[in-house]
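Fold and contact review
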Amino acid sequence: MYLHLGEDTVITDKGIIGIFDMDTSTVNKATRDYLSKAEKEKKIIYVNYDLPKSFIVTDEAVYVSPINTGTLHKRSK
């Protein structure tokens, strides 16, 4: 199955490790550190540059999406 993350970005759901809300999960320092490290390693892929609402961690990269986690969860079902 595939998951549409916005714009022209579609990924397979088999590689998804987690879908996280940008507002609530980035409060934790460990999450901010993880995202900073992923950005330094050039593993972050921005779906577009609108206000980010979620990030999706996969085996290969971290996708930053303007679509909220509820919508992504519904799309994955």
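For the structure itself, consult the block above.
Residues numbered from 1 in each chain as written. Predicted model: local features only at pLDDT ≥ 70, side-chain atom pairs only at ≥ 80, totals over all residues. Heavy atoms only, no water.

We now examine the environment of His4. With respect to the element layout, His4 can be found in strand β1 (residues 2-6). With sequence-adjacent residues up to four places away left out, His4 is seen in contact with Thr9, Val10, Ile67, Leu72 and Arg75. A polar atom in the side chain of His4 sits 3.0 Å from the backbone oxygen of Glu7. (Helix = DSSP H or I, 4+ residues; strand = E, 2+ residues; numbered from the N terminus. Contact = heavy atoms within 4.5 Å. Polar contact = N/O pair within 3.5 Å; in protein donor to acceptor, adjacent residues only side chain to side chain.)

So, on to the packing of aromatic side chains. Aromatic ring pairs are defined here through the distance separating the ring centres and the angle between the ring planes. Evaluated as defined, the whole model comprises two aromatic pairs. Summarising the aromatic geometry, the rings of Phe20 and Phe55 are spaced 5.2 Å apart at their centres and angled 25° between planes, so their arrangement reads as stacked. Linking Phe20 in strand β3 (residues 16-21) with Phe55 in strand β5 (residues 54-58), this pair joins segments that are 35 residues apart in sequence. Under the relative-accessibility criterion, Phe20 is labelled partly exposed at 34%. For Phe55, a relative accessible area of 2% gives the class buried. (Phe/Tyr/Trp six-rings, centres within 6.5 Å; stacked < 30°, edge-to-face > 60°. Buried < 20%, exposed > 50% of the residue type's maximum accessible area, 1.4 Å probe, protein only.)

On to unusual backbone geometry, then. Phi at Glu7 takes a positive value of approximately 50°, unusual for a residue other than glycine. The class of Glu7 is exposed, set by a relative accessible area of 51%.

The strand order across the open sheet built from four strands is β3-β5-β6-β4, with neighbouring strands paired in mixed fashion. The open sheet has two edge strands with one neighbour each: β3 and β4 (44-46). In this sheet, adjacent strand axes meet at a mean angle of 20° when their direction is disregarded. By the bridge criterion, three bridges tie β4 to strand β6 (residues 62-65) in an arrangement that is parallel. The residue bridging Ile45 from the neighbouring strand is Tyr63, located in β6. The strands touched by helix α2 (residues 29-40) are β4, β5 and β6; relative to β4, the strand with the most contacts, the crossing angle is about 85°. Helix-sheet contacts for helix α3 (residues 69-76) involve β3 and β5, and the interaxial angle to β3 is about 150°. (Pairing = 2+ DSSP bridges. Axes fitted to C-alpha atoms, helices over the stretch in contact; angles between N-to-C directions.)

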